[in-house]
Each structure stands twice: as C-alpha cells, then as structure tokens.
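Inside the fold
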Amino acid sequence: MSGTEAEPDAVVDHVVQAITTRHPELDGDTVEHLAREEHAKLAGNPVQDYVEVLTEHAVKQRLHDAP
C-alpha cells in the first residue's frame, strides 16, 4: 500500500460492500461507522497487508456481539 488518502476510504468501502451484500438487513451507515472505527485502530500499524481483512473481521464480530 502506498499511503495515499484514498486507501482508507477504499478499505472502508470494500468492507461495507462485502458485509452489506451478505447481510442486506444491516444498515449501511452503521456498518460504515464501525468499519471506520476499526480501520482507524489498525491504520498506524507498520504492516498494512491485512488491514482490510482484519477490519472486516472486527466489524463482523462487533455486529455479532451487539445486543
């Protein structure tokens, strides 16, 4: 990854699309909010190869754990 500003948005967009495609009953804005929070937690890590996968996994877990 090159570190451009578009990358976080692209990761978030991919995560939102993947999750809402499989679960259309979920609110896209909620999924996007969670994806941005989870991506921000990972953004400072030196290894960025798996950020999208880890972000998607974390969002799914949070959605599953939500009351």
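Note that the structure is predicted; figures quoted are calculated from it, not measured. (Residues numbered from 1 in each chain as written. Predicted model: local features only at pLDDT ≥ 70, side-chain atom pairs only at ≥ 80, totals over all residues. Heavy atoms only, no water.)

Some thoughts on the pattern of salt bridges
The condition that has to hold: By salt bridge we mean one thing: a side-chain nitrogen of Lys or Arg within 4 Å of a carboxyl oxygen of Asp or Glu.
Scanning all chains against the criterion turns up seven salt bridges. Among the charged side chains, a network of salt bridges with common partners joins Glu 37, Glu 38, Lys 41 and Arg 62.

Some points on the environment of Thr 30
Condition: A run of DSSP states H or I qualifies as a helix once it reaches four residues; a run of E qualifies as a strand once it reaches two. Both are numbered from the N-terminal end.
If you trace the backbone, Thr 30 turns up in helix H2 (residues 28-42). Put simply, Thr 30 and Val 59 are 29 residues apart on the chain and 9.9 Å apart in space, counted from C-alpha to C-alpha.

Here we look at the side chain of Thr 55
Under the convention used in this document: The cut-offs for exposure are 20% and 50% of the maximum accessible area for each residue type, with area from a 1.4 Å probe on protein chains only; residues under the lower value are buried, those over the upper are exposed, and the others partly exposed.
Positionally, Thr 55 belongs in helix H3 (residues 51-65). In this structure Thr 55 comes out as buried when scored by relative accessible area, which is 0%.

Side note on the confidence of the model for the protein
When pLDDT drops low, the exact placement of atoms in the prediction is not to be read closely. Stated formally: Confidence scores here are pLDDT values: one per residue, from the predictor, ranging 0 to 100. By definition in these notes, contact holds between two residues if any of their heavy atoms fall within 4.5 Å.
With 91% of its residues at a pLDDT of 70 or more, the protein has an overall mean of 89. Of all secondary-structure elements in the protein, the lowest mean pLDDT belongs to helix H1 (residues 6-22), at 92, while H2 reaches the highest, 96. Taken together, the stretch residues 1-5 has pLDDT below 50 and engages in four contacts with residues farther than four places along the chain or on a different chain.

A look at H3
Counted only if it meets this: Expected helix span is taken as 1.5 Å per residue step, with the number of steps being one fewer than the number of residues. In this context, the arc is that of the directions from the helix axis out to the C-beta atoms.
Between its first and last C-alpha atoms H3 spans 21 Å; for 15 residues at 1.5 Å apiece the expected length is 21 Å, and the two agree. All of the buried residues along H3 are Val 51, Thr 55, Glu 56, Ala 58 and Val 59. Down the axis of H3, the buried set is contained in an arc of 165 degrees. They therefore lie on one face. Projecting away from the buried face of H3 at angles above 90 degrees are the exposed residues Val 53, His 57, His 64 and Asp 65.

A look at a nonpolar patch on the surface
Test applied: Patch members must show over 30% relative accessible area and no salt bridge, and they are joined within 9 Å when carrying like charges or within 5 Å when they are nonpolar side chains of Val, Leu, Ile, Met, Phe, Trp or Tyr. Here the Shrake-Rupley method, with its probe set to 1.4 Å, supplies the accessible areas, and only the displayed protein chains count as covering residues.
On the surface, Val 47, Tyr 50, Val 53 and Leu 54 cluster together to form a nonpolar patch covering roughly 430 Å² of accessible area. In this fold, Tyr 50 is placed in the loop between H2 and H3. Given the relative accessible area of 56%, Tyr 50 is considered exposed.

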